[in-house]
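Here is what each chain is made of, one letter per residue.
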Amino acid sequence: MDKIESYLEGKMPEMNNLLEKLVNIDSGSYNKEGVDQVGDIIRQKFEELGMYVKVHRETEFGDHLEIKYKEDSDPKIIIIAHMDTVFPEGEAEKRPYKVIGDKAYGPGVSDEKASHVSVLYALKALMDNGSDAYKNVHIIFNSDEEVGSRTSKGIIKEAAEGKAYSLVVESGRPGDAIVTERKGIGRFVFDVKGKSAHAGVEPERGISAVEELAHKIIKLQNLTDLEQGLSVNVGLINGGISSNTIAPEAQAQVDVRVRNMDQANEITSKITDIANDEEVKGTTTELSGRIGRPPMEKVEGTEELVNAIRSVGEEIGMQIQEVSTGGGSDAAYTSIEGVPTVDGMGPLGEFSHSETDEYVDLKTFPKRTALLAKTIERLSEV
């Protein structure tokens, strides 16, 4: 067994205890107190390692953490993790951390509190095994990833400047897989206005916003092209005030997933055209929204990064595979800046956001953490 992996095997009781502590804290995106409690634990742990921690204070969301060897250091690897989860307050008390066999369960255990532990112990493993590679990382722990990184994307983009590599620690995927491509995500809202009238007495005086929206929904759904990795989904609709009234207003909320930025620009234009088209005379439509999270695309240097991770994986008995996914992450914000980026560098887990099934595979925890540590070391040799 590799010495880093062996070291981490010996640290598993500590790692498990810390993971339990983090999972048993409610830290939904809008639970600032809970996210900051998680952040305080993380800050203390990294300061105990002698790392410099800058706290970016927030009011609506939790504070963000920026961690380096020294304030004035110039590391070449950015590592990104998020502290927020999707779960409401009280979820940790309802179903606290538990271990069944080789799997750990609890709210946010895979997405992505196990990754917090993994990043910390990857650096500890490097330090305690005489490697200076821990000095070459710039770590961002943000608090609002699950709601689009509204206040942290600027911090991430600034930190990405001048970086040679980006490692994002969303959970690892089955089959020793890492994530090399993610779709971009858009949210659009159609607000249609018509004119109310009694549906039985004088329907001719009305202008149905619901009818107009129905035409638009069909057009929107027809934009989907799964072979090209494009999906458009009208997921929420509402409208009207009663069944016997011509609807004066209606709304649709639309989710869009795109493979690349060319596709993003093209679909935004088509959605705008649908909003501007008038099928029911006299209606008006207001369109809001945009492609908020860009796609994570391969850039120059990505293949080199993937090959380095593959080589490290082989050293510890892993056959690294690549996967792409329709879900978004902060990896988009470094790849769009031209930084070679790989996601899924966290411990192996599945079923994120599930109230019952989300888990982390503890038997892979030391190996996946060793992969992260040794990748940092390998990239620091370049």
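Just above, that's the structure.
Here's what I pulled together on the structure shown here. Note that the structure is predicted; figures quoted are calculated from it, not measured.

Calculation criteria
Residues numbered from 1 in each chain as written. Predicted model: local features only at pLDDT ≥ 70, side-chain atom pairs only at ≥ 80, totals over all residues. Heavy atoms only, no water. 1 Å grid on protein atoms, 1.4 Å probe; cavity = no way out; pocket = protein on both sides within 12 Å on 5 of 7 lines; lining within 4 Å. Points joined across faces, edges and corners; volume = space filled by probe spheres on them. Helix = DSSP H or I, 4+ residues; strand = E, 2+ residues; numbered from the N terminus. Nonpolar A, V, L, I, M, F, W, Y, C, P; charged D, E, K, R; others polar. Core = buried A, V, L, I, M, F, W, Y, C linked by side-chain atoms within 4.5 Å. Buried < 20%, exposed > 50% of the residue type's maximum accessible area, 1.4 Å probe, protein only. Contact = heavy atoms within 4.5 Å. Salt bridge = Lys/Arg side-chain N within 4 Å of Asp/Glu carboxyl O. Pairing = 2+ DSSP bridges.

1. A short note on the layout of surface pockets
Of the voids in this model, the largest pocket is the one considered here, and its volume is about 790 Å³. What lines the largest pocket is a set of 28 residues, and nearest its centre among them are Glu145, Glu146, Ile185, Arg293 and Gly328. Looking at the lining of the largest pocket, the elements with two or more residues in it are strand S9 (184–193), strand S12 (284–293) and strand S15 (349–350). Here the lining of the largest pocket takes 4 residues from S12, the largest share from any one element. The residue inventory of the lining of the largest pocket, partitioned by class, reads 4 nonpolar, 11 polar and 13 charged. Reported here for the second largest pocket is a volume of approximately 210 Å³. Every residue along the wall of the second largest pocket is listed here: Tyr52, Lys54, His56, Glu66, Ile67, Lys68, Glu71, Ile155, Glu158 and Ala159. For the lining of the second largest pocket, the elements supplying multiple residues, two or more each, are strand S1 (52–56), strand S2 (64–68) and helix H6 (153–160). For the lining of the second largest pocket, the class distribution of residues is 4 nonpolar, 1 polar and 5 charged.

2. What to know about the nonpolar core
Of all hydrophobic cores here, the largest spans 65 residues; its most connected members are Phe46, Phe141, Leu167 and Ile376. Counting residues per element, this core draws most heavily on helix H5 (residues 109–128), which supplies 11 residues. Apart from the residues lying within four places of it in its own chain, the contact partners of Phe141 are Ile42, Phe46, His64, Leu65, Ile67, Ala81, Met83, His116 and Val119. One finds Ala209, Val234, Ala252 and Ala275 within the second-largest nonpolar core, a separate group that totals 22 residues.

3. A few points about the pattern of salt bridges
Pairing of side chains with opposite charge becomes possible as their charged atoms draw close. Per the stated rule, a full pass over the model turns up 30 salt bridges. The salt bridge partner of Arg378 is Glu381, with a shortest N-O separation of 4.0 Å. Taken together, the residues Arg378 and Glu381, both in helix H11 (residues 365–381) and 3 residues apart, mark about one turn of the helix. In this structure Glu381 comes out as exposed when scored by relative accessible area, which is 59%. Via salt bridges that share partners, Asp2, Glu315, Lys374, Arg378 and Glu381 belong to a single interconnected network.

4. Description of the sheet that holds strand S14 (residues 341–342)
Backbone hydrogen bonds hold the strands of a sheet together, and the pairing may be parallel or antiparallel. Sheet architecture is open: 6 strands sit in the order S1-S2-S6-S3-S7-S14, paired in mixed fashion. Looking at which strands have only one partner, the edges of the open sheet turn out to be S1 and S14.

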